[in-house]
Amino acid sequence: MLAMNNEEDKQGGAMEQVKISGTDLTSSSFALGGVPFGSTLDEQKSFALMDAYVANGGNMIDTAEVYANWLPGEKSISESTIGKWLKSRGSRNTMIVTTKGAHPRMSTMEISRLTREEIMEDVEGSLGRLQVDTIDLYWLHRDDTNRDAGEIIETMNGLVKDGKIRYFGCSNWTTERIQEAQRYAAAHGLQSFCANQPMWSLASVDTSKLGDPTLVVMDEDMFKLHNETGLTAIPYSSQAQGLFTKLDEGRLSFNNDSVTAMYRSESNREKFERIRKLAAEKKVTVSQVVLGYMLSQPFQTIPIIGCHTHDQLEDCLKADPVRFTEADRAYLTLQRD
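Just so it is clear, the model here is predicted, and its values are computed rather than measured.

Undergrad: Any chance you could explain the sheet that holds strand S3 (residues 31–33) here in plain terms?
TA: Paired through backbone hydrogen bonds, the strands of a sheet run either parallel or antiparallel to each other. Here three strands make up an open sheet; going across it, the order is S4-S3-S10 and the pairing parallel. Of all the strands in the sheet, the pair left with one neighbour each is strand S4 (61–62) and strand S10 (304–305). Bridge count for S3 against S10 is two bridges, and the pairing is parallel. When the sheet's bridge partners are listed, Ala 31 is paired in S10 with Ile 304.

Undergrad: Just checking my understanding: could you explain the packing of helix H2 (residues 77–89) against helix H3 (residues 116–130) for this structure?
TA: Angle between the axes and distance between the axes are the two parameters that describe a pair of packed helices. For the pair H2 and H3, the least separation of the axes is 7 Å and the interaxial angle reads 45 degrees. One way to sum up the angle between H2 and H3 is to call them oblique. Along the contact surface, H2 presents Glu 79, Ser 80, Ile 82, Gly 83 and Leu 86, while H3 presents Ser 126, Arg 129 and Leu 130. Residues belonging to the contact of H2 with H3 are distributed by class as follows: three nonpolar, three polar and two charged.

Undergrad: Before we go on, may I ask you to explain the layout of surface pockets in this structure?
TA: Within this model, the second largest pocket holds a volume of roughly 550 Å³. Taken together, 21 residues form the lining of the second largest pocket, with Trp 200, Phe 223, Tyr 293, Thr 333 and Gln 335 sitting closest to its centre. Contributing elements (two or more residues each) for the lining of the second largest pocket: helix H6 (220–229) and helix H11 (326–332). Per element, the largest residue contribution to the lining of the second largest pocket is three residues, and it comes from H11. Residues belonging to the lining of the second largest pocket are distributed by class as follows: 11 nonpolar, five polar and five charged.

Undergrad: Just checking my understanding: could you explain a nonpolar patch on the surface for this structure?
TA: A cluster of nonpolar side chains, contributed by Val 35, Trp 70, Leu 71 and Met 106, occupies part of the molecular surface with about 340 Å² of accessible area. Turning to its location among the elements, Leu 71 is positioned in the loop between S4 and H2. The exposure class assigned to Leu 71 is partly exposed, which follows from its relative accessible area of 33%.

Undergrad: So what exactly am I meant to see when it comes to a negative patch on the surface here?
TA: Together, Glu 176, Asp 219, Glu 220 and Asp 221 give the surface a local cluster of negative charge. Topologically, Glu 220 is positioned in helix H6. Relative accessible area serves as the criterion here: at 72%, Glu 220 is assigned to the exposed category.

Undergrad: So what exactly am I meant to see when it comes to empty space enclosed by the protein here?
TA: Think of a ball as big as a water molecule: rolled over the atoms, this probe shows where empty space is left. The full count for this structure, using the stated rule, is two cavities of 30 Å³ or more. Approximately 60 Å³ is the volume attributed to the largest cavity. If you trace the largest cavity, you find it lined by Ile 61, Thr 63, Ile 82, Leu 86, Met 95, Ile 96, Val 97, Thr 98 and Leu 130. When the residues that make up the lining of the largest cavity are grouped by side-chain class, the tally is seven nonpolar, two polar and no charged. Quantified by volume, the second largest cavity comes out at close to 40 Å³. Looking at the second largest cavity, the residues that line it are Ala 31, Met 60, Asp 62, Thr 98, Trp 139, Gln 197, Ile 234 and Ile 304. Taken together, the residues of the lining of the second largest cavity sort by class into five nonpolar, two polar and one charged.

Undergrad: What is the right way to look at H3 in this model?
TA: Helical geometry: 3.6 residues make up each α-helical turn, so side chains three or four residues apart lie on a common side. Compared with an ideal rise of 1.5 Å per residue, which puts 15 residues at 21 Å, H3 spans 21 Å between its outermost C-alpha atoms and is within 8% of the ideal. Listing the buried residues of H3 in full gives Ile 119, Asp 122, Val 123, Ser 126, Leu 127 and Leu 130. Taken down its axis, H3 places every buried residue within 135 degrees of arc, on the same side. Across H3 from its buried face, at more than 90 degrees, point the exposed residues Glu 117 and Gly 128. Just downstream of H3, Gln 131 is the residue with a positive phi angle, here 60 degrees.

Undergrad: How do you make sense of the nonpolar core when you look at a structure like this?
TA: Across soluble globular proteins, you tend to see nonpolar side chains buried next to one another. Ranked by internal contacts, the top residues of the largest apolar core, which has 97 residues, are Ile 20, Leu 137, Leu 140, Trp 173 and Phe 244. Top contributing element to this core by residue count: helix H9 (residues 286–295), with seven residues. Excluding residues that lie within four positions of it along the chain, Leu 140 makes contacts with Gly 101, Ala 102, Leu 114, Ile 119, Ile 152, Met 156, Gly 169, Cys 170, Ser 171, Trp 173 and Phe 193.

Undergrad: What is the right way to read the packing of aromatic side chains from this model?
TA: In this description, an aromatic ring pair is defined by two values, namely the gap between the centres and the angle between the planes. Inspection of every chain in the model, using the stated rule, returns seven aromatic pairs. With centroids separated by 5.1 Å and ring planes inclined at 65 degrees, the aromatic side chains of Phe 223 and Phe 299 adopt a geometry described as edge-to-face. Taken as a pair, Phe 223 in helix H6 and Phe 299 in the loop between H9 and S10 lie far apart in primary sequence, 76 residues in all. Looking at Phe 223, the relative accessible area reads 26%, which means it is partly exposed. Exposure remark for Phe 299: the relative accessible area of 7% places this residue in the buried category. A centroid spacing of 6.5 Å and a plane angle of 15 degrees characterise the contact between Phe 244 and Phe 272, whose relative ring orientation is stacked. With Phe 244 in helix H7 (residues 243–248) and Phe 272 in helix H8 (residues 266–282), the pair connects residues that are 28 residues apart, well separated along the chain. The pair formed by Phe 244 and Phe 272 is uniform in burial state, with each residue classed as buried. Grouping aromatic residues by their ring pairs yields a cluster made of Phe 168, Trp 173 and Phe 193.

Reading guide: rules and limits
Residues numbered from 1 in each chain as written. Predicted model: local features only at pLDDT ≥ 70, side-chain atom pairs only at ≥ 80, totals over all residues. Heavy atoms only, no water. Pairing = 2+ DSSP bridges. Helix = DSSP H or I, 4+ residues; strand = E, 2+ residues; numbered from the N terminus. Axes fitted to C-alpha atoms, helices over the stretch in contact; angles between N-to-C directions. Parallel < 35°, antiparallel > 145°, perpendicular 65-115°, else oblique. Contact = heavy atoms within 4.5 Å. Nonpolar A, V, L, I, M, F, W, Y, C, P; charged D, E, K, R; others polar. 1 Å grid on protein atoms, 1.4 Å probe; cavity = no way out; pocket = protein on both sides within 12 Å on 5 of 7 lines; lining within 4 Å. Points joined across faces, edges and corners; volume = space filled by probe spheres on them. Patch = residues over 30% accessible without salt bridge, like charges linked within 9 Å, V, L, I, M, F, W, Y side chains within 5 Å. Areas by Shrake-Rupley, 256 points an atom, 1.4 Å probe, with all protein chains shown as cover. Salt bridge = Lys/Arg side-chain N within 4 Å of Asp/Glu carboxyl O. Buried < 20%, exposed > 50% of the residue type's maximum accessible area, 1.4 Å probe, protein only. Lys, Arg positive; Asp, Glu negative; His and termini not counted. Charge placed at Lys NZ, Arg CZ, Asp CG, Glu CD. Expected span 1.5 Å × (residues − 1). Arc of directions from axis to C-beta. Core = buried A, V, L, I, M, F, W, Y, C linked by side-chain atoms within 4.5 Å. Phe/Tyr/Trp six-rings, centres within 6.5 Å; stacked < 30°, edge-to-face > 60°.

In structure tokens, the structure reads:
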């Protein structure tokens, strides 16, 4: 039986519940990634996957105004699909309704969109597509470092006051910018970021190989910020695009350079071997080690899981009770004495 840091194993049922810092929102331990809904997964398959997630205790589906806008066809299709599902299932009051906005247009990624008017435009559009009156947790998908963080905090508090959103977080903001925003909010008695959504997983990332320079990866300073303040982390790419599972299944290999450039490193090669060893010892799958690592952090962490099939979802959700010791985490991240 898998050791759980001296905690009793869960005997089935709903996922663990996680309180999001500074809010009255309680999330399931995993959020379900909504990128493929309505696009690579049609409406019927999307609905079925969301139904299965909820049946297992899930209550937060991550989406964004921009999701699938890089594909031809209807724009913001992920939000629209989730909105139809929420309405058809009568699930508004049992789900944390969340989405992201303030992302550059796909054709002009170099132009930030964080004016008050642009943020409000995105919020209104998302409210309509999700078919709700209020968004529980709204994320700023990108930052604009040329704009005072205080100005952005004022805009977000205005949206809270107007009842358009309840709480807000940031995604792809640097540690320094998060701290700037939090200081402003504290000094002016305003609501601040309740969570951060960085790129973060067990895999090492070569930031020089990121295709999008506006992405922000969890680093030592950001980890310290979360650890010291208790700010909730809700990381995307928590499975590194399925890197280690695909390596384990033979669908990727470091030997033929099929691994994405940002993950192609000796560090990840060694991590893969350690993950496989720990998975065998604990009698869990590779993906469950990857997600168990994320759940074992010293601060609240709600990984976003990316699933296209029911089998993938089932495998991910079985990681819910998996917890690792500090020594295990050090072993997995190649920390040495």
